[in-house]
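Single-letter residue listing:
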Amino acid sequence: MGWLIGLVLGLPAALILHELGHWWLMEEAGFSPARVRLFSGPATLKFK
Amino acid sequence: MRHEIRWSQNLLIYLAGPVVNLAAGLVLAAGYFGYTAWRSDLPLGTAVLRTLTSISLLLERLVGLFSSVLVEFIPSLVLGAGFHGPWGIHDLVQGMQNPAGFIDVIGGLLTAQLVVGLFNLIPFPGLDGFGVIGCLYEGITGRVVPRSVSALGQDMILFGLLIGTLCLFLGRNQAIYSEVIRIPENRRLATLNVFGLLVLSSVIALRALLQRDLNRK
């Protein structure tokens, strides 16, 4: 049960952390994360 | 508006997400295994050593899990079979120690980080792993990956969802599974991959035909 609670709390946290990881470097590269949709990730840069 | 960016910079941006998840997973793993070792009343040196051994074992198994996911990914999309998902990682974490109480929650958090990190590294259109491959392709050949290739991902995801839903109705894939196990074991995975690729390419061809038809109108 504890594991499931951890997973339920952890998945959104992991996704947000994941996007923040991308955004951090995108800002460094001069690409404004504000223009990128949430969870579309950096795919917007070249592949979409 | 297209923002011009070097392939190497783009590669780092793609890698940053999964790397942050895997790093957070490692920190949580240190806490998880460290706590369980400390609880078992071992001398400090032994507890530290056990923690490090557990983490390295986890890493080794994750690499194994990831490579098996790579081989099984297309069959799992087509047949909804064989893909471990979070349960595979759950087994890795739970199977090594048997802690109780709040530390299980840390195990869940750790699993979530590893699942998100590893899943995104799969080289599949739409996921970060495909972006990494695309950037390397651009670095080597000097050409950008065509838009049509990344559009394949949408077809595959749609098709995977359709088949996945169908498999749910088939009752835990029993009907398909009983057919699949008739294929000799040494050829099973290769056969499923070829079959999966054939089905997917026919879906893609159908989409291309429809697209051409729509363009004509």
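Position labels on residues start from 1 in each chain and follow its written sequence. Whichever chain is written first becomes A and whichever ligand is written first becomes 1, with later ones labelled in order. In view of the model being predicted, local features appear only for residues whose pLDDT reaches at least 70, and side-chain atom pairs are presented and counted only at 80 or more, with totals across whole chains, interfaces and linings using the full set of residues.

### Topic: the overall build of chain B
Numbering of helices and strands runs from the N terminus, with a helix taken as a DSSP run of H or I at least four residues long and a strand as a DSSP run of E at least two residues long. Helix and strand counts for chain B stand at 8 helices and 0 strands. Listed N to C, the secondary structure of chain B is α-α-α-α-α-α-α-α in terms of helices and strands. To sort residues by burial, count the other C-beta atoms lying within 10 Å of each one's C-beta; a count of 20 or more means buried, 12 or fewer means exposed, and anything in between means partly exposed. C-beta atoms are built from the backbone. Out of the 217 residues belonging to chain B, those deemed buried represent 29%. Residue pairs qualify as contacts under a 7 Å threshold applied to their C-beta atoms, which are placed from the backbone. Taking the intrachain contacts of chain B between residues at least 6 apart in sequence as the baseline, contacts between residues at least 24 apart amount to 70%.

### Describing the interface of chain A and chain B
Contacts between the two partners involve 30 residues from chain A and, on the opposite side, 35 residues from chain B. Taken together, the elements giving at least two residues each to the side of chain A that touches chain B come down to helix H1 (2–28) and helix H2 (43–46) of chain A. Among the elements that make up the side of chain A that touches chain B, the one with the highest residue count is H1(A) (21 residues). Lys, Arg, Asp and Glu make up the charged group, whereas Ala, Val, Leu, Ile, Met, Phe, Trp, Tyr, Cys and Pro make up the nonpolar group; the residues left over, Gly among them, are polar. Tallied by class, the residues present in the side of chain A that touches chain B amount to 20 nonpolar, 7 polar and 3 charged.

### With respect to the packing of H1(A) against helix H4 (residues 103–120) of chain B
Each axis is a line fitted through C-alpha atoms, taken for helices only over the stretch in contact, and angles between the N-to-C directions span 0 to 180 degrees. Following both chains from N to C, one finds H1(A) and H4(B) inclined at 40°, their axes separated by 6 Å at the closest point. Here H1(A) is positioned oblique relative to H4(B), judged by the angle of their axes. Note on packing geometry: the crossing formed by H1(A) with H4(B) is right-handed. Here the contact of H1(A) with H4(B) is built from residues that sort into 14 nonpolar, 9 polar and 1 charged. An angle below 35 degrees is read as roughly parallel, one above 145 as roughly antiparallel, one from 65 to 115 as roughly perpendicular, and any other as oblique. Two helices cross in a left-handed way if the nearer one is turned anticlockwise from the farther one by less than a right angle. They cross in a right-handed way if the turn is clockwise.

### A closer look at the environment of B:Gly107
By the element assignment, B:Gly107 lies in helix H4. Through-space distance from the C-alpha of B:Gly107 to that of B:Leu28 is 7.8 Å; in sequence the pair is 79 residues apart.

### Describing the confidence of the model for chain A
One confidence number per residue, pLDDT, is output by the predictor and ranges from 0 to 100. When pLDDT is averaged across chain A, the result is 71; 65% of the residues are at 70 or more. Long-range and interchain partners of residues 37–48 of chain A, a stretch whose pLDDT sits below 50, account for 29 contacts in this model, where long-range means more than four residues apart.

### A few points about the packing of H1(A) against helix H1 (residues 7–39) of chain B
Between H1(A) and H1(B), the shortest axis-to-axis distance is 7 Å and the interhelical angle comes to 140°. Classified by the interaxial angle, the pair formed by H1(A) and H1(B) is oblique. Of the two elements, H1(A) crosses H1(B), and the hand of that crossing is right-handed. Here H1(A) contributes A:Ala14, A:Leu17, A:His18, A:Glu19, A:Leu20, A:Gly21, A:His22, A:Trp24, A:Leu25 and A:Met26 to the contact with H1(B), which in turn contributes B:Leu12, B:Ile13, B:Ala16, B:Gly17, B:Val19, B:Val20, B:Asn21 and B:Ala24.

### Regarding H4(B)
Between the first and last C-alpha of H4(B) there are 26 Å, a value that for 18 residues agrees with the 26 Å anticipated at 1.5 Å per step. Among the 18 residues of H4(B), 16 are classified as buried, and the element is accordingly described as predominantly covered. Working rule for helices: expected span equals 1.5 Å times residues minus one.

### Brief notes about the nonpolar core
In plain words, the nonpolar core is the set of buried Ala, Val, Leu, Ile, Met, Phe, Trp, Tyr and Cys residues that C-beta atoms within 7 Å link up. Formed by 31 residues in total, the largest nonpolar core has its most connected members in B:Leu28 and B:Leu110. Every element with two or more residues in this core is listed here: H1 of chain A together with H1 and H4 of chain B. Here this core takes 11 residues from H1(B), the largest share from any one element. Contact partners of B:Leu28, with chain neighbours within four places excluded, come to B:Ile106, B:Leu109, B:Leu110 and B:Gln113.

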